[in-house]
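# Descriptive structure summary
Spelled out from the first residue to the last, the chains are:
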Amino acid sequence: MSFETVADILQIIFADIILSGDNALVIGIAAAGLAPEFRRRAIMIGMMMAAGMRIVFAVIASFLISIKGILLLGGVLLAWVCWRFYKDLKAFNTADLDGPKEGEAPKKFGAALVTIMLADLSMSLDNVVAVTAIAREDTRLLVFGLALAIFIMAVFASMIMKVMVTYRWLSWVGLIFLVYLTAIMLFDGARDIGLLTA
């Protein structure tokens, strides 16, 4: 196994941990405002939707990865993701994960599910774009990255959420990594379609 392949695998693992952790954190924040008896159900539904969406986007990504210009498009999308992730991090730093305070009405289950579904949709797409950017034409790396993301969401989501809440600086490290990945993706995408010369 070459050094480049090992480096790609490590980048994919890091991207999966950050993006799956971010997804889990948003689900946790949305569920925290619910009455206690509904929180576990909302989290389980959110995790299932996130896994399902990653599978759907993975199937699409396997076709999109061969389209000329997809790296540039993915880079633009990832740049938007970085901006949204930055705004999310500021919200996470002020979020109250202990649930509604005394005298406050808990959020409605349906409203929380809509929030979770939109987060799952966006972050699952982010995850697929990031893994696709790293894997490029290597289908094995793509399958590994997306299977790992689903595994992380299913098995370690609650733990990741607790770690990222406790050590919030890890989220900022993840943002720096995403910015780095975006820059590479935009550069390579522009070069692939002839906007830049090698």
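Residues numbered from 1 in each chain as written. Predicted model: local features only at pLDDT ≥ 70, side-chain atom pairs only at ≥ 80, totals over all residues. Heavy atoms only, no water.

## Observations regarding the overall build of the protein chain
When helices and strands are counted, the protein chain shows six helices and zero strands. The N-to-C order of helical and strand elements in the protein chain reads α-α-α-α-α-α. Scored against the burial criterion, the 198 residues of the protein chain give a buried share of 43%. Counting contacts in the protein chain only where the partners sit at least 6 residues apart, residues at least 24 apart contribute 87% of the total. Accessible surface, the protein chain: about 10,600 Å² in total, of which carbon and sulfur atoms supply 72%. (Helix = DSSP H or I, 4+ residues; strand = E, 2+ residues; numbered from the N terminus. Buried < 20%, exposed > 50% of the residue type's maximum accessible area, 1.4 Å probe, protein only. Contact = heavy atoms within 4.5 Å. Areas by Shrake-Rupley, 256 points an atom, 1.4 Å probe, with all protein chains shown as cover.)

## A few points about the environment of Ala 79
Inspection of the secondary structure assignment puts Ala 79 in helix H3 (residues 70–94). As a C-alpha pair, Ala 79 and Leu 186 span 107 residues in sequence and 8.9 Å in three-dimensional space.

## Examining helix H6 (residues 169–192)
With 24 residues, H6 extends 35 Å between its outermost C-alpha atoms, agreeing within 8% with the 34 Å of an ideal straight helix rising 1.5 Å per residue. Regarding H6, the residues found buried are Ser 171, Gly 174, Leu 175, Phe 177, Leu 178, Leu 181, Thr 182, Met 185, Asp 188, Gly 189 and Ala 190. Phi turns positive, to about 90°, at Gly 194, one or two residues after H6. (Expected span 1.5 Å × (residues − 1).)

## Quick word on the nonpolar core
Among the nonpolar cores identified, the biggest contains 25 residues, and Leu 78, Ile 134, Leu 146, Leu 181 and Met 185 are the most heavily contacted of them. Among the secondary structure elements, those contributing two or more residues to this core are helix H1 (3–32), helix H2 (36–64), H3, helix H4 (109–135), helix H5 (139–166) and H6. Leave out the neighbours within four places in its chain, and Ile 134 touches Asp 8, Gln 11, Ile 12, Ala 15, Phe 177 and Leu 181. Ile 27, Leu 34, Met 47 and Ile 116 belong to the second largest nonpolar core, which has ten residues in total. (Core = buried A, V, L, I, M, F, W, Y, C linked by side-chain atoms within 4.5 Å.)

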